[in-house]
Amino acid sequence: SFSVFFLLHCRRFFGILNVTHSEGGIVGALFCLFYLATLGIVSFFLGRLLAFFRFDPQRFPFLTYPFEKKLYQKLRVRRWQAKVPDMSRIAGKLMPRKNLDGDFHTRLDDMVNETCIAELIHAILCLAGFGCVFLWRGAPGWCVSFLYFFGNLPFILIQRYNRPMLCALARSEKHGSRKKEQI
């Protein structure tokens, strides 16, 4: 995986500079900061590249399970999802906002695919964030890793919450267009 490759090269590069991070401190913090920033940049471009592929929202791991609806209600995802930072607000020119006004019917399949891509990217980030444990030894590395994990988790929940509604909308739209063609 990229993160393992990056960790090994990052450690080798700083080893050449005779910089040690085995005891933590500011050097470990800088390692983590650099690593997480690089992960963010790479994941952004990976997400843009994955847009050329189609993901099936009805198959694992994107399939929504029956228990999830109650979970999202208990977590009140609908209330707080709009308050979470959105890449389209941060980098609007690089990632245009995808909303349901105007002629969204032609974009529904792309929007469903985008939820799969976003979920996948954030899941990768959740796991890759634990690379900080190796870069910043001890409790600080674990704290940063868990914060990064739990910082990405809401984005996964939002994608999984929105996807079934978008899929249902896409199905009804396709069903409606078939009826129009038969008439």
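Right above here is the structure, for reference.
Just so it is clear, the model here is predicted, and its values are computed rather than measured. (Residues numbered from 1 in each chain as written. Predicted model: local features only at pLDDT ≥ 70, side-chain atom pairs only at ≥ 80, totals over all residues. Heavy atoms only, no water.)

1. Digging into the pattern of salt bridges
Inference 1: Tallied over the entire structure, the rule returns five salt bridges.
Inference 2: Between Arg-48 and Glu-114 there is a salt bridge, and its shortest N-O distance comes to 3.3 Å. Of this pair, Arg-48 sits in helix α2 (residues 25-50) while Glu-114 sits in helix α6 (residues 108-128), and the two are 66 residues apart along the sequence.
Inference 3: Its relative accessible area of 26% is what places Arg-48 among the partly exposed residues.
Inference 4: When the shortest N-O distance is used, the salt bridge between Arg-54 and Asp-110 registers 2.4 Å. With Arg-54 in the loop between α2 and α3 (68-75) and Asp-110 in helix α6, this pair connects stretches of sequence that are 56 residues apart. (Salt bridge = Lys/Arg side-chain N within 4 Å of Asp/Glu carboxyl O. Helix = DSSP H or I, 4+ residues; strand = E, 2+ residues; numbered from the N terminus. Buried < 20%, exposed > 50% of the residue type's maximum accessible area, 1.4 Å probe, protein only.)

2. Observations regarding the layout of surface pockets
Inference 1: Looking at the second largest pocket, its volume works out to about 190 Å³.
Inference 2: Lining the second largest pocket we find Arg-54, Phe-55, Asp-56, Pro-57, Gln-58, Asp-109, Val-112, Asn-113, Cys-167, Ala-170, Arg-171 and Lys-174.
Inference 3: Among the elements of the structure, α6 and α8 (139-182) are those that each provide at least two residues to the lining of the second largest pocket.
Inference 4: Sort the elements by how many residues they give to the lining of the second largest pocket and α8 lands first, with four residues.
Inference 5: Residue composition of the lining of the second largest pocket, grouped by class: five nonpolar, two polar and five charged. (1 Å grid on protein atoms, 1.4 Å probe; cavity = no way out; pocket = protein on both sides within 12 Å on 5 of 7 lines; lining within 4 Å. Points joined across faces, edges and corners; volume = space filled by probe spheres on them. Nonpolar A, V, L, I, M, F, W, Y, C, P; charged D, E, K, R; others polar.)

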